[in-house]
Each structure stands twice: as structure tokens, then as C-alpha cells.
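The lines below spell out each chain.
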Amino acid sequence: MSILYDEGQQAIATESRRVLDARMDKARLLKLLEQVGEHDAPFWDTAVEQGWTALAVPEEHGGLGLGLIELGLVAQACGAATSGAPFLTGGYGVSQALVQGGNAALAAQWLPRLASGEAIGCVAIAEGNAALPPAPAVSFADGKLSGTKPAVPGGQKADVALVWASKDGQPVLVLAELAGAARNAVDSYDNSRLYADLVFAGTPATELAAGDAARALVLDVMGRMAVVTAHEQVGGAEALLHIARDYANTRKAFGQPIGMFQAIKHRVAEMYGLVEIARANCIHAAASEGTAEFLTAAADARISATEAYDTNSRDCVQIHGGIGVTWELGLHLHMRRARSLAVECGNLVFWEDLLVERLQGEVA
Amino acid sequence: MSILYDEGQQAIATESRRVLDARMDKARLLKLLEQVGEHDAPFWDTAVEQGWTALAVPEEHGGLGLGLIELGLVAQACGAATSGAPFLTGGYGVSQALVQGGNAALAAQWLPRLASGEAIGCVAIAEGNAALPPAPAVSFADGKLSGTKPAVPGGQKADVALVWASKDGQPVLVLAELAGAARNAVDSYDNSRLYADLVFAGTPATELAAGDAARALVLDVMGRMAVVTAHEQVGGAEALLHIARDYANTRKAFGQPIGMFQAIKHRVAEMYGLVEIARANCIHAAASEGTAEFLTAAADARISATEAYDTNSRDCVQIHGGIGVTWELGLHLHMRRARSLAVECGNLVFWEDLLVERLQGEVA
Amino acid sequence: MSELEAYRAKARAFLESMAPKYGRDARSGNTVEQDLALGREYMAKKYDAGFAGINWSPDIGGQGLTHLHKITFDAEEMQFGMPVQFFGISLGMPVPILIHYCEDKEFVKERVRKALRGEEIWCQMFSEPSGGSDLAALRTKVESDGNGWKMNGQKIWTSWAQYCDYGVIVTRSDPTVEKHKGLTYFWIDMKSKGVDVRPIKLAGGDSHVNEIFFDDVRIEDSQRLGAVGGGFGVSLHTLMIERYIATDSGGFGPHLDEFVKLAKRVDINAKPAIEDGRVRSAIARNHAMRAGLDSITKRAFAMMMAGMQPGPEGSLQKLVAVRSRQKLSEMAMDLMGNEGLAFDPHAYVKTDWGTSWLNAPTGRIAGGSDEVLLNTIAEKILGLPQDYRPDKGVPFNAIPA
Amino acid sequence: MSELEAYRAKARAFLESMAPKYGRDARSGNTVEQDLALGREYMAKKYDAGFAGINWSPDIGGQGLTHLHKITFDAEEMQFGMPVQFFGISLGMPVPILIHYCEDKEFVKERVRKALRGEEIWCQMFSEPSGGSDLAALRTKVESDGNGWKMNGQKIWTSWAQYCDYGVIVTRSDPTVEKHKGLTYFWIDMKSKGVDVRPIKLAGGDSHVNEIFFDDVRIEDSQRLGAVGGGFGVSLHTLMIERYIATDSGGFGPHLDEFVKLAKRVDINAKPAIEDGRVRSAIARNHAMRAGLDSITKRAFAMMMAGMQPGPEGSLQKLVAVRSRQKLSEMAMDLMGNEGLAFDPHAYVKTDWGTSWLNAPTGRIAGGSDEVLLNTIAEKILGLPQDYRPDKGVPFNAIPA
């Protein structure tokens, strides 16, 4: 499937870019890098005010009932602005698990609060270096969680977490209120992601899915979060493309704009290629929501977007020379975000393997 | 270990280059591509006449008693000339197995003939797509070989083959006279390599090593052949570097030499880097002959030389544009040789794995 | 079912009826000459069935349908491996230019009919030995000769010229002005006196391109297409006629499924290659790249259906796809090990990795080299400055050779 | 044991005796100021032990040994992580230039002794905001002022200037001639009136480079090094003094063993990462690359020992090594997954992948960007033409800004 954005979608894209451009403040973001425990509050207020938290929540739960296409467009604008809060993706993951999980009461309890921005959600699946441990060490028994989830994005401030755990040797997805969990803040190279080790010691939680159903649901949730993240990565990669292009057109060396040197010029053209391929995959993946090929499309989007953002941040800095590595210019905001997003919700190796396993089935 | 070439070695390098330059005939080599069963006879006569076949054979067996350094220098000159016969590497593999194997009579029988060029040797280790099958399907029992070795370089004309086979569930290295074997010529993209499927049906052969000794010997022989081949690859990669540089300096487009365009200029500089790194590894590997680190050094040489030759053949053609893909210009002689040498004696994947397994042992 | 889908079904039914006689399997083992004869037969059948000149005006013998109908038919036809390679350029560029610029409409109608039926083939003579990526640097010259022209010079890389009846050509009519200003465009009869076509053998062994020498070739002024000195504009028009022709995210090499099949069949150090990370990475990265290109194509199609101009990202297709095909083909050969040393020079480029590898360099150069494509993307899409051009603003005959 | 090996053993014994107080572990957690104080102490100890100015003439306080002795000592010292980063440039370039060009020998001797003992530090002021890779485009100007000079302008990227006592500087003394011809070179007192040093914070968070502003800074003509208008030549001399300084095929990032250890420790999809082909390929390719660079260095060393000039391939080191380090560091972070999101801004660049990754871009730019190095290789080693240079032959003040 591939789609052209309709008018409403185009308006979301334009408006989210406009709002973020107006409120984006590089100095504020740079300051956040050196503080543990702070996110970009003005950004989050904006997200709530603009209804981005409600975008993909069903209407009956106070949301706007839109989908991945619309959320993706907002994420793309956030990526371009290196917006400093991870809650949008995390909240979406939690709300999707609630919508698809088998607990209507829990959904009714949390979805309106997630939609209104009153509650903040995070997703805790990874353990150690594994994005999706087949047999998670965090255990769930008698309605209580025990164990630690490392470096959960948004974990420092979230109210509620979707947790991938083990129960009687089977995986489960559970929802835990974090009031009852300890959070150890992680000092990171991208501190506004609010990473925290979540330490559960008998924390009460509610089961959403178990066994094969949990496996299917966690993959779907990861796929959806990967598509949102891929949009964010494309937004960042595209911003870097534009920064690089503008610098190449204005900066002079040896009496001419450096964009006349093919080493620069062709590199900018390659950056464009990476952005457009990743963007095309993002659109396709978002439009494939709910179809049998969704995870394949999500993997394509995730792989190409990760490659685009990592490469473009490397190359944009290199094109700038000395000024590119200064704190003030802030290209490292993108460099850091490219890496944190590349690791969050599964690294390249994870998505490559997942993609190949799906393709293997298709080729007899 | 790393060495500076001494005067004798420099003389070998200069002389072998000089002789091959004088006798190299592109038209002859192009013709060989479309003939199955023909090698470059004038080249082989030259090799025999110049004593290259005798170079690395011990003096007591009629050789010159020199080593990998000297043979490598000759191989480098052969690589630059895309010389059309695979016997030098194969003959070296056979003679090394004879020198190190446990059969003095056999060594005395074959080494003088290999040194004089009277006999041609080939090495048949691979099966299917595996460079070194752990349990070869070709079997050896009661002094006789059965089974098929696919696409053995030089197999169409060799007199004697070193064969990796199984005997009672253990690997063995045996020497077989090919008078008693069938050879099915393989039509290849690089026909002067004389690939043949060697079909053994009760062919008499003599055991050189068995079990762990055979495993150690076959790795040593492959390492040595890999180092010779790596020199050949460096010779080819360097020739392509020079061709590309000269073309970039003379061909004009848009009113200037194309070497002024950084897309061309930087690519040529990268070609240089690949050549020099591979050359340095080749020198180091040749000088490490017989030491504990030899196989590691051989893998480094093989990996970097394969990368250099493949990349430089891709890039040299690309720098030439249309003329680069014509039959007459003959750059495809290098392109084809880059690929045939990349596959012969173990592909990149094989050497990467071998190298990593050795490094794993070193890091506690 | 939309009208376009109905058309697709109709096309498919026709193609299926043709496949047994003209499809990939039927052609296997043909010489070029046999294949050309078969191709001419097939083109006539296509004409009779109403699938020729799909998006051309009925006035000159076309079907009067849209560009989308044409792409739809082409995409279906590509899957059957019909012997149409000889006619693609002929109908893609020279004949449309003739239709647009030639004033003798009866002559045009006759040529169009014969070209569509495969009875006549047209070539396009642009590149020259000194030119390469620099079209406007051409040197083939025409001089006034009575009420016509006399041509001398040389063209190169002309596809299928050895089988062509006519061709279009751009020449230098005035060397005293800036290089892209002194050009004039003509059609010529390839059988004219003084035209000498010599096939060029390529690295892969075949000879579908040619050098063409011109020795005092006579051209009537009625053969001129466009104004005297307006040849550069007509050339650009020629190159832009078919912006969205059927693309192939596999870079016209094997489908990725073929690689996956290979990886499932062979081992790496006694484990299935498909389980090896190197192989997985190659598969996944290529899949993501090809899926992206396919998605770009589908969006372009959707935009055209909606009456919009597709985005410029379509220009990435060949650059990205062919370059990747080259490396993937090398890796496939590596995986095949000694088994891959065997080579069939007549193997099909879309199923054979050796053939795909050997011909990939031609793909990276023909129709715009990687470097020219990158320059075009940088300048035309991103607005980066043009390279230094010492020949700019200088009369052609004052540029140092 | 050769004389050089004996020297190495002696150096090692000295360094081992120093390590407990000055080595990597002892420095852990130091602020920059603490580290500098420790560094000064260590430099004095080194001086007293006879390991300072190893290859400098005894006339000016050196040890009178060979360049090989110097490299040998440096290679050993590098392994101990001593606090010498503040003094590398000072002793590497400005002080040798002072020795070579300054005529007041008593002044030189005093400066050399204090610089070797770490009591004084020298910086080198070349780059400017408008300059980047184009050294000769500098704008900091000097004008005649009585029997001396008056300087105005700005330099940038000057390492450790905030701790420096003196510096060397190249300035524009004549803007009416071609850009590399109107330059003049001086030494200056960094505490002079009108010199304003402002540290620049870099992406990794530290501030070892500076911007320096000059406002009517008075320079005596006796501070001039080389002829008026000869500054470009002195600058090139400065940059070429230490061609074969101690290199690091790891690109000054972690040793490959660290990556192998990581790959043995972590899993990929429940299998040890070290068994994964992607990881194996990265390890093997990096090992081959680093082994090649190491072999080049060893050969260069052997050539110098034999009294020969090392080959030009030494210029590949930084280009190849740092670029590879950047990608390997990214891959290491990928392998660590969520565990690698934690970051210690004070971690050691040679053992920490995050720090190595964050500082790699600086490495690819400082001391010649990748692009400048590729140009140098292409032009100086391979004889390819220089890029188009519109500023060539044009007076500096006529170049469009």
C-alpha cells in the first residue's frame, strides 16, 4: 500500500512543523543535555495543547481516532526539531496495548488520561542488550512484578508502564503503575529522553496478554513504535539534509561555495536519497497499519530511517568542518538523537533479523 | 614482523615486472576469455624460463629455496599483468604440502618436476560452495580416491593434485596423479584459470597427512596460497589504480581533466589507500611465514587484498565511463580476475570467520 | 474494478495468449537475429491487438489513452520477458520527437505505423567519443550544402543501430558560438551513403551498441527537426519525454527472492547462509532499499492518477538500484564459492548472478552515470551550485581540446 | 639487545616508576586544572630524568638523540596515559619553529627549558573562522607600527590557548598580493594587552580549543620568525616538522580487543554476538585495516632506522583509522542496546565506546579533514590536478568574500 496524504493529513504536517518551529529553542535543548531528570517541558505542553497525545487514541476514549499516518507526520516534525521528550512514542505504545489487550476496564481507566496528557506512558520491553528478550527476567506472579528494566525511555517521569515479563515460563504483557516502582535515573548522552532503570519489587500490575497473544501483541506494539520512531528519524535526517545543503551553498573555501566541490555536493545528494527512501518506507508502513505485511513494512521503514539519520548526522557534521563540532551550533543534538533513537525500540541488527525471518517464510 | 625488501628481492620485483610488461599481450588474453581449455602459454613459458616455478622449492629438490616474500613479488607482477595461468599458486600449494607432508619419497619424486615446470600442480580442497569442507565428500580408501572436486583452478591441465578427502571419518591430504582422473572443463567468466571438475573413480593417490596433522597442514597450505593470491590481487588493484589515475589526468569533460572533479579524484585516492593497506598486509604476512601468527597475517592480507581488487575494478571501470565497459579496452580482464581470485582459495566470509576465531582465542 | 484495472486485466489476457510463442521460455537460446525476427512478429501482433502507441494521439495512429495506461501495459509486459528490447528506444524517444517536430505529416504517419509494427526501427545518436557525460561537447559537424546539409563525424554508444532504418541525430552547425548554442537536430536514413555502423563488443560479450561514422552524408533541410541552432533544446526534450518509464528497484538484475533462495540453499562454514548476519544484513538492507524505491514509484503513479506531477525523488531509482545490484551480485557469487565459477554467457540477467554482475557496470554508466545523476540531484533538486565549467560562455572552437 | 631496545627498556623503567603517581588510574576523576598541575609536575620529572627534548640538540638543552629514540619513548609513554596532552603541540611545533627561526639564542634557551619542564606552554594560531581548510585565506592582519607591528583579527580552534604563555601566529601583512604571498609569521606573548582568549565548548562537552581575539596587539619586529611575506613557507614548515609522530591504527579510539570482548559478552537474538556474521565482518575488516596501518608504521620505522625516507603511505593513517573508529563505535553502541544508553562524560576515549563515538567527528576534522587528506593524497602522491581555484593568482583583497 502506498498513499498520498489527504488534506487533513497535510494540514497536520504543516501545522505541527509550524508550531514547533515557532517554539523550538536550541539553547533550551542544549541545556537539557547536561541535566539528568529534565525533559523539554514547553515541547510537552505543546504536544498536549495541540492534541498530539490524543491523536491515535480511539474516539470512545477521548481521543481523535486517527492512526499511524497522522501520528507519523507529527513525529516527523518532532524529529526535525529534536524535540525533547520521549512520551509521544511511549504513550502510543501503551495506548495500543490497551486498545488491543483484553482488559476493557483498564483501557477505560487509562486511555482518556493518556489522550489528555494527564498521564504519561512508557514501554519497558528490553533487558540487557536485548530489545525483545524471549524469556524476560522480570517476573510477574500474583499480580505483582519483580525485577529491573534498564534505561526505559521516559522512565523517569512516566506514570504507567507497559512491561514485558515472564509468568510461569510464559511471556506476558502487563500494565504497571509506576507510583509503586523505584526509578534510577540514567545519565545519558541524550538526557531529555529521561532514561531510567525501573526497579520492580512487588509492584502491582495488570495482565493484558499472555503466551502467544502476548508475543503477537508485543511485536505489533514494537512495530508501531518503530514506525513512529522511523518518522522521527526521517524528520531529523531531513533537517540535517537541509542544514547541510544551506551550509554548502553559503560557506566559501578557496574562493567558492563548498557546495561546488563534488565531495560535498555528492554527499548532500546521497543524503537526499537516504531521506527519500526512508520517507517512502515510512509512508508505506504507516498506510499498512493492521495488514498482514505491516511488520515487514515497519522493518523496512526502521532500517532505512536508522541508516538515514545516522549517516546524515555523520555527514552533516563532516560537511561543516570545525564549526560542526561546537557545542553552540548544536548539530550534536541530532547526532545524539540519531544514536538514542537507533537504540530505542530495537537496533538495526534486531530489525534486520526480524525482516529476514519474515522474508524466509515468503520464499518457498 | 615487517620487513624492507632486500636488494635481491627488489631485483626479483623489477625483473618480473619488466619481463611481463614486455611479453604481455592484451589481445591474446581477451581471446582466452572465449576459449575453454586454453591458458596463456607464453606466460607459462616465461614463468618456467624465469625460474618462478622453482622459486619456493627447497634447493635439495632442484629449487631456489626462496620463500613467500619472493614468490609474492612475482605474483604481484603476474597480477598486474592479469597473467593467464593459475599454475604458480597451485604448484606452490602442492610443493608446500610435499615439503611438510610425511612422505620423503613422494617429495623427491615430484618437487624437482614441479620446480622445473615439467609438472603442473593443482590444489583441490573446496566442495560445493565450501572452501574447506570439514568432512569432505571425496573419499580415500585403500589408496584410491572417489568423488568429485568442483571447479579446481588449473584442473584442466594439471598433472598432479593435492586433494582434501575423508578416510574412515578423518580428513586426509593426499596427492593424486591426474592421469587416472576424469576432468570436466568448466566454462567460466575467467577461462584461462582452467577450471575443471575433477572426477575421481578409484584414482590412485598417496597420503601426506591425516587427522589433526592434515587439518593443520591444509590450513597452512591455504594460508600460503592466500598470501600468494593476495599479492596477485594487490598487483591487479595497483595496476587499476595507475590506469584510473592516468585516465583521470588525460580524459577531459566540461573543458577540464576529469581528475579535477572530486568524485573522481577522491575515488582514486581511496583506491590508493586500499592498495597500500593490502600491500602492507601482504609484506607482513609473507615475512611471518612459519611463525605462530602466520594465519592471522594471511587472513589480514587476503581480506584487504580482496576488498582492494574488487573495489578498484568496480571504480576503475566507473571512472572510465562508456569506454570502460568495452571488450577491447579490456578492463574486464581485471574485473573478471578480481572475482575469480576472490572466490579461489576461500571467499571473504571464510577468511573473516577464520580470523575472528583466531582473535577470539587471543582475547581472554 | 477501476477502468485502469480493467485495462490491466485485458492487457494481461493478451500477454498470456502471446507468452507461449514470444515469452521468456520461447526465446531461450535464440541468437540476436532470431530474437529480432520474433520481436518484429510480436510487435505486429501487439499493433493488431490495439496495444501499440497506447498514449499517442489517434491522429497519428495511436490509441489515445493516458500515460498511465501505457505504464500499466509496460509493467505487465515486463513480467513476460517479451523480445521488445530492440524497440524501446525507437518508440520511446526518436519517433515521438519525429511526431512533434516533423512537418510532413503523411511521412510521419507512415513511419509511426511501421515503427509500431516493428517493421522499422529508429535509433538516437547523441554521444560521441570526446563527449562522455558532456552532451553539448559534441563535434559531429554539418555544413550548408546547397539547399541541404553535409555531415561528417562520429557517434558512439548507439543502441541497436546495426538493425536500424532511421535515426535522430544532433550535430554542430556552428562552432563559433557557445557550445550548447551551435547545435542542430535532424532525422536521417541509416542506409544513406556515407553512414558506416560498426558494432562495439562490450565486456559481457554482446554488441548491442555501435560506433557510427559519417563521411559526407547528405541531409535535406526538410529532415531538420527544430530550428537551426536549436538542437540542444530538442535533445533535452528527447531525454525528458519519458520521465516515468517502468522502473525496476532490482536495478534490472535478479529479484531479491533469488538471493534469499540462494542463501537458504548454501551453507557458510557448515551453517545455513540465511542464518549468517552478513547475509541477513545484505538481504534486509536491500529489501528496505527496494521497498523504498517501489513505494516511490507507487506514489508517483498515484500522483499521476490524481493529475499531479510526481515528485523529483523518482530520479533516485537507477542510481540506487543498479549500484546495489552490483554489490549484491558480487556477494551472491561469493556465496556460491567454486560453484559460481561456472558461467553461461547467454544466461538471463534477471536470474543469473554472474551475468548480472558482469553487466552491472554498463548499467551504472549508460543513461547517465552515477556521477552525472548525483550532480543532477544536487543541482536540480537541491539547488547546489554547478561544478566549475571552464567551457561556459566560451565559443566551442575556443575550448582547449 | 640493540641500542634502541636498551633505550626502550630504560624508558619503560622510568615510566613504570612514574605511573603510580601520574598514570591513567592516578588521573581518573581529575578536573582539567588538576590534570594540568599534575602534567607540569610530570614534565619536570621527565626533564630531570633526561627524557625531554630527546631528539633536540644539546646546544639548546636537548638530549641529542635520534628521531627514532623520540618515537620509541612516545610509543611507550602513550601506553601509560600520562597527562601530557597539554604539551604535545607546544613541544611538537611552536617551540621547534622558535628554535629554528628566532635569532635571540639566550631567549630561546630559556623558553625551551621552561617549555620542556612544563612551566610554560606554547600554542599555534593558524585557523580562522573564514578559513577552515584554506590556511592561506586568513585575515588576521598586521600593520607597521613604528619599528614593530600592530595586530588585529581573530584565530580559532587553538588547542589549550587558555593555558598558554606564548604562541606562534601567522598573519596577513600585505593584502594586495596573492593570498599565500602576503603572510608573515611571529611569536607572541599570550598575556599581551589586547589578546582575549575564549574557550569553545565542543560537542563532547569539553573546551580544549579556543577562539582568540586581537585588538591592536603590539608586536616587536624581533618577534618575527622568517621574512616579511614569508609566513606561508614557515607555516608549512611548522606542519611538516613531525611527519611520523606516534600514530594509532585505532584512530585514537578503543583497541579492537575491546570490541571483541564486548562481542563475546553480549548476545544477538539469544546467540553470542561474536558468532554473528555482521559482528565478525566488522571485527575482521577492522583487524585487517589496522594491521595494514600498523605494518605501514613499522616499515616507516624500519626505513628511518636504515636512514631512508619513509613512503608517502604514512599519510593514510588518520584518514582511514578515525573514519573506521566512528563506525565501529556506533556498532558497539548498537550491540550494547539499552545498556549503552548510559554515558559518562569523563570516560576515557580509548576504553569507552560512547566517548569514542561522540568525539570521533572532531578527529575526522581536526588536523586535516578527510576531504583535505584525500585531496593531498590525490595531488601530492598521485599527481592528480588541483581543484579549481578561482582565488589563484588573484590579490587577496580582490577575492570575493
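Predicted, not measured: the structure shown is a model, and the values here were computed from it. Along each chain, the written sequence defines residue order, and numbers are assigned to residues from 1. For naming, the first written chain is A and the first written ligand is 1, with later ones following in the order written. Owing to the predicted nature of the model, reporting of local features is limited to residues with pLDDT of at least 70; listing and counting of side-chain atom pairs is limited to 80 or more, with chain, interface and lining totals taken over all residues. Neither water nor hydrogens contribute to the side-chain values; these are computed over all heavy atoms in the structure.

**Student:** Can you tell me about the overall build of chain A, naming the residues and giving the values?
**Tutor:** In this text, helices come from DSSP runs of H or I with a minimum length of four residues, and strands from runs of E with a minimum of two, each type numbered from the N-terminal end. Within chain A one finds eleven helices and nine strands. Burial here depends on accessible area, computed with a 1.4 Å probe over protein chains only, as a share of the maximum for the residue type. Under 20% is buried, over 50% is exposed, and the range in between is partly exposed. Across the 364 residues that make up chain A, the buried fraction comes to 68%. Contacts: residue pairs with any heavy atoms within 4.5 Å of one another. For chain A, the proportion of contacts with a sequence separation of at least 24, taken over those separated by at least 6, is 75%. Surface accessibility follows the Shrake-Rupley procedure with a 1.4 Å probe radius. Residue values consider only the protein chains on display as shielding. Approximately 11,200 Å² of chain A is accessible, and the part contributed by carbon and sulfur atoms is 52%.

**Student:** Any chance you could break down the interface of chain D and chain A for me, citing the residues and the numbers?
**Tutor:** With 50 residues of chain D at the contact, the number on the chain A side is 45 residues. Where chain D abuts chain A, roughly 4,200 Å² becomes buried across the two surfaces, and 57% of that area is made up of carbon and sulfur atoms. By buried area we mean how much accessible surface two parts lose on assembly, using a 1.4 Å probe and totalling the loss over both. When residues of chain D are sorted by the area they lose upon contact with chain A, Asp 334, Asn 338 and Leu 341 of chain D head the list and together hold 17% of the total. Within this document, salt bridges are pairs made up of a side-chain nitrogen of Lys or Arg and a carboxyl oxygen of Asp or Glu, the two lying within 4 Å of each other. In this assembly, chain D and chain A are joined by six salt bridges. With its nearest N and O atoms 2.8 Å apart, the salt bridge here joins Arg 278 of chain D to Asp 353 of chain A. N or O atoms within 3.5 Å of each other form a polar contact, as long as, within protein, one can give a hydrogen and the other can take it, and as long as residues adjacent in sequence are counted only when both atoms are side-chain atoms. Taken together, the connections running from chain D to chain A amount to 22 residue pairs in polar contact (both at pLDDT 80 or more). For the side of chain D that touches chain A, the elements supplying multiple residues, two or more each, are strand E8 (267-268), helix H11 (317-336), helix H12 (353-365) and helix H13 (370-381) of chain D. With seven residues, H11 of chain D is the single largest residue contributor to the side of chain D that touches chain A. Gly falls in the polar group here, along with every residue not listed as nonpolar (Ala, Val, Leu, Ile, Met, Phe, Trp, Tyr, Cys, Pro) or charged (Asp, Glu, Lys, Arg). The class makeup of the residues in the side of chain D that touches chain A is 22 nonpolar, 13 polar and 15 charged.

**Student:** Explain the environment of Ala 301 of chain A to me, using residue names and the numbers behind them.
**Tutor:** Residue and element names in this part refer to chain A. Along the polypeptide, Ala 301 turns up in helix H9 (residues 294-320). The spatial distance from the C-alpha of Ala 301 to the C-alpha of Gln 109 is 33 Å, given a sequence separation of 192 residues. Apart from residues no more than four positions distant in its own chain, Ala 301 is found in contact with Ala 230, Asn 281, Cys 282 and Ala 285.

**Student:** Outline the nonpolar core, supporting the account with residue identities and numerical values.
**Tutor:** Soluble globular proteins tend to pack their nonpolar side chains together in the buried interior. Nonpolar cores are built from buried Ala, Val, Leu, Ile, Met, Phe, Trp, Tyr and Cys residues. Side-chain atoms within 4.5 Å join them into one set. If you look at the biggest cluster of nonpolar residues, it comprises 175 residues, and the most contacted ones within it are Leu 98 of chain A, Leu 145 and Val 163 of chain B together with Phe 259 and Ile 283 of chain C. The element best represented in this core is helix H8 (residues 262-287) of chain B, accounting for 13 residues. Dropping the residues within four chain positions of it, Ile 283 of chain C is found in contact with Val 356 and Leu 359 of chain A together with Leu 256, Phe 259, Val 260, Ala 263 and Ile 274 of chain C. Counting 172 residues, the second-largest nonpolar core is a separate cluster that includes Val 152, Ala 278 and Val 349 of chain A together with Leu 106 of chain B.

**Student:** Would you mind going over the relation of the copies chain C and chain D in detail, with residue names and values included?
**Tutor:** The two copies are related by a screw operation: chain C maps onto chain D through 180° of rotation and 0.0 Å of translation along the axis, at an RMSD of 0.1 Å. In symmetry terms, the pair is related by a two-fold rotation axis. The C-alpha atom lying nearest the rotation axis in chain C is that of Gly 277 of chain C; the distance is 2.0 Å. Interface overlap between copies is the fraction of interface residues in one copy that are interface residues in the other; for chain C against chain D it reaches 100%, indicating a shared surface. Superposition of the copies was done by least squares, using only C-alpha atoms of residues whose pLDDT is at least 70 in both.

**Student:** Give me the lowdown on the packing of aromatic side chains, citing residues and values where you can.
**Tutor:** Between rings of Phe, Tyr and Trp, where Trp is taken as its six-membered ring, a pair exists when centres lie within 6.5 Å; planes separated by under 30 degrees are stacked, by over 60 edge-to-face, and by other angles tilted. Applying the stated criterion across every chain, the model contains 46 aromatic pairs over all chains. On the numbers, 6.1 Å between centres and 90° between planes, the contact of Tyr 189 of chain A with Phe 343 of chain D is edge-to-face. Linking Tyr 189 of chain A in the loop between strand E6 (182-185) and strand E7 (196-210) with Phe 343 of chain D in the loop between H11 and H12, this pair reaches from one chain into another. Phe 343 of chain D shares its class with Tyr 189 of chain A; the two are buried. In this scheme, the term charge over a ring applies when either NZ of a lysine or CZ of an arginine sits within 6 Å of the ring centre and within 35 degrees of the ring normal. Sitting over the face of the ring of Trp 327 of chain B, Lys 201 of chain C holds its NZ or CZ atom 4.0 Å from the ring centroid.

**Student:** Now, about the confidence of the model for chain C: what can you tell me, with residues and values included?
**Tutor:** A score from 0 to 100, pLDDT tells how confident the predictor is in each residue. Overall, the prediction assigns chain C a mean pLDDT of 91, with 97% of residues at 70 or greater. Among the scores for the predicted complex, ipTM is 0.95 and pTM is 0.95.

**Student:** How would you explain the pairing of strand E3 (residues 144-152) of chain A if you had to name every residue and give the values?
**Tutor:** Each regular strand shows side chains that alternate between the opposite faces of the sheet. Residue and element names in this part refer to chain A. Relative to E3, strand E2 (residues 139-141) is paired through three bridges, and the arrangement is antiparallel. Across the sheet, Ser 139 pairs through a bridge with Ser 146, a residue of E3. Here, any two strands with at least 2 DSSP bridges between them count as paired. Counting the residues that bridge the hairpin from E2 to E3 gives two residues, and of these Asp 142 lies at a positive phi of roughly 50°. In this structure, E3 lies alongside E7, joined through seven bridges in antiparallel fashion. Note that in E7 the partner of Gly 147 across the bridge is Phe 200.

**Student:** Residue-level account of the domain arrangement of chain C, with values.
**Tutor:** All names here are of chain C. As far as domains go, chain C holds domain 1 (3-84), domain 2 (123-241) and domain 3 (256-367). Each of domain 1 and domain 3 has a C-alpha centre, and the two are 26 Å apart. The interface of domain 1 with domain 3 comprises six residues on the first partner and four residues on the second. Interface area, domain 1 with domain 3, both sides summed: about 500 Å², of which 82% is carbon and sulfur. Between domain 1 and domain 3 we count zero salt bridges in total. Domain start and stop points were drawn from an automatic or database domain assignment.

**Student:** Let's hear about the interface of chain C and chain D: which residues, and what values?
**Tutor:** By a widespread convention, an interface's size corresponds to the accessible area lost as its parts come together. On the chain D side, the residues contacting the six residues of chain C number six residues. When chain C packs against chain D, close to 570 Å² is buried across both sides, 62% of that on carbon and sulfur atoms. For the chain C face of the interface with chain D, the top three residues by lost area are Gly 277, Arg 278 and Tyr 388 of chain C, together amounting to 68%. Remark: the boundary between chain C and chain D carries zero salt bridges. When grouped by side-chain class, the residues that make up the side of chain C that touches chain D number one nonpolar, two polar and three charged.

**Student:** Please give an account of helix H11 (residues 317-336) of chain C that cites residues and values.
**Tutor:** Residue and element names in this part refer to chain C. A helix's residues, less one, multiplied by 1.5 Å, set its expected span. For H11, which comprises 20 residues, the first-to-last C-alpha distance of 28 Å matches the rise-based estimate of 28 Å (1.5 Å per residue) to within 8%. Of all the 20 residues making up H11, 17 are buried; the element is thus mostly covered by neighbouring parts of the structure. At the C-terminal side of H11, Gly 337 shows a positive phi close to 55°.

**Student:** Talk me through the environment of Val 325 of chain A; I want residue IDs and the actual numbers.
**Tutor:** Its location among the elements puts Val 325 of chain A in the loop between H9 and helix H10 (331-343). When the C-alpha positions of Val 325 of chain A and Ser 116 of chain A are compared, they lie 39 Å apart, and in sequence the two are 209 residues distant. Apart from residues no more than four positions distant in its own chain, Val 325 of chain A is found in contact with Val 317 of chain A together with Leu 202, Ala 203, Pro 361, Thr 362 and Ile 365 of chain D.

**Student:** Outline the domain arrangement of chain A, listing residues and values.
**Tutor:** Residues and elements named next belong to chain A. Taken as a whole, chain A is organised into domain 1 (7-116), domain 2 (121-209) and domain 3 (216-359). Here domain 1 and domain 3 have C-alpha centroids that lie 20 Å from each other. Taken residue by residue, the interface counts 26 residues in domain 1 and 30 residues in domain 3. The contact between domain 1 and domain 3 buries some 2,300 Å² in all, and 68% of this surface belongs to carbon and sulfur atoms. Across the contact surface, domain 1 and domain 3 share zero salt bridges. Connecting domain 1 to domain 3 are six residue pairs in polar contact (both at pLDDT 80 or more). For the side of domain 1 that touches domain 3, the leading source of residues is helix H4 (residues 68-80), giving nine residues. Partitioned by chemical class, the residues of the side of domain 1 that touches domain 3 number eleven nonpolar, 13 polar and two charged.

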